[in-house]
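Listed below are the residues making up each chain.
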Amino acid sequence: MIRVTIRMRNGLEYTVDDVQKVSQLVPGCGGKDEVETACGEEVLRFQFVPWRTTIVEGRAKICSVASLEIEAIEAELITEKAR
């Protein structure tokens, strides 16, 4: 299972378990934002940028966080023994 934890500047922390997909909005040409996405195990190698709007989709939960509030984002593989 993949877990993504988002730590906010105000001290709050959001955790999404069993993550299926993550997306971040990236400034593109002509002022249009583009979306970078990773699915499955690619999430573990995804280069999160804290100052981008982030969407994390799990089996039971979707978390969307505004860019200016994020302090750090971490993805980790959780094994059955660690639960």
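Everything here concerns the structure above.
Residues numbered from 1 in each chain as written. Predicted model: local features only at pLDDT ≥ 70, side-chain atom pairs only at ≥ 80, totals over all residues. Heavy atoms only, no water.

1. Things to note about the pattern of salt bridges
Pairing between side chains becomes possible if they bear opposite charge and their charged atoms approach one another.
Now for step 1: Considering all chains together, one arrives at five salt bridges under this definition.
Now for step 2: The shortest N-O distance in the salt bridge between glutamate 74 and arginine 7 comes to 2.9 Å. Of this pair, glutamate 74 sits in strand 7 (residues 70–77) while arginine 7 is found in strand 1 (residues 2–8), placing the two residues 67 residues apart along the sequence.
Now for step 3: Here aspartate 18 and arginine 59 are joined by a salt bridge, their closest N and O atoms 2.9 Å apart. Of the two residues, aspartate 18 sits in the loop between strand 2 (13–16) and strand 3 (19–27) while arginine 59 sits in the loop between strand 5 (54–58) and strand 6 (62–65), which places them 41 residues apart along the sequence.
Now for step 4: Taking the relative accessible area as the measure of exposure, aspartate 18 reaches 27% and is therefore partly exposed.
Now for step 5: Salt bridges linked by common partners bring Arg7, Glu13 and Glu74 together as one network. (Salt bridge = Lys/Arg side-chain N within 4 Å of Asp/Glu carboxyl O. Helix = DSSP H or I, 4+ residues; strand = E, 2+ residues; numbered from the N terminus. Buried < 20%, exposed > 50% of the residue type's maximum accessible area, 1.4 Å probe, protein only.)

2. As for the side chain of arginine 52
Now for step 1: With respect to the secondary-structure elements, arginine 52 resides in the loop between strand 4 (33–39) and strand 5.
Now for step 2: Nearest to the buried, unbridged arginine 52 among oppositely charged side chains is glutamate 36, at 4.2 Å.
Now for step 3: When near neighbours in sequence (up to four residues on either side) are disregarded, arginine 52 contacts Gln24, Leu25, Val26, Pro27, Glu36, Ser67 and Ile70. (Lys, Arg positive; Asp, Glu negative; His and termini not counted. Contact = heavy atoms within 4.5 Å.)

3. Quick look at the sheet that holds strand 4
Now for step 1: The strand order 4-3-5-6 describes an open sheet built from four strands, whose pairing is antiparallel. At either end of the open sheet lies a strand with only one pairing partner, and these are strand 4 and strand 6. On average, adjacent strands in this sheet sit at an angle of 15° to one another, irrespective of strand direction.
Now for step 2: As paired strands, strand 3 and strand 4 are joined by seven bridges and run antiparallel to one another. Note on strand 4: the bridge partner recorded for proline 27 is aspartate 33. (Pairing = 2+ DSSP bridges. Axes fitted to C-alpha atoms, helices over the stretch in contact; angles between N-to-C directions.)

4. Structural notes on the pairing of strand 2
Now for step 1: Pairing of strand 1 with strand 2, which is carried by four bridges, proceeds in the antiparallel orientation. Bridge pairing links threonine 5 to threonine 15 in strand 2.
Now for step 2: Hairpin connection from strand 1 to strand 2: four residues lie between these consecutive antiparallel strands, with glycine 11 at a positive phi of about 95°.

5. A few points about the pairing of strand 3
Now for step 1: Here strand 3 runs beside strand 5; their pairing, made up of five bridges, is antiparallel. Residue lysine 21 lies in a different strand from strand 5, and its bridge partner there is glutamate 57.
Now for step 2: Joining the antiparallel neighbours strand 3 and strand 4 is a turn of five residues, in which glycine 30 adopts a positive phi near 70°.

6. Re the sheet that holds strand 7
Now for step 1: In space, the three strands of this open sheet follow the order 2-1-7, with antiparallel pairing throughout. Bordering the open sheet on either side are strand 2 and strand 7, each of which pairs with just one other strand. Averaged over all adjacent pairs, the angle separating strand axes in this sheet is 15°, with direction ignored.
Now for step 2: Relative to strand 7, strand 1 runs antiparallel, the two being bridged by seven bridges. When the sheet's bridge partners are listed, arginine 7 is paired in strand 7 with alanine 72.

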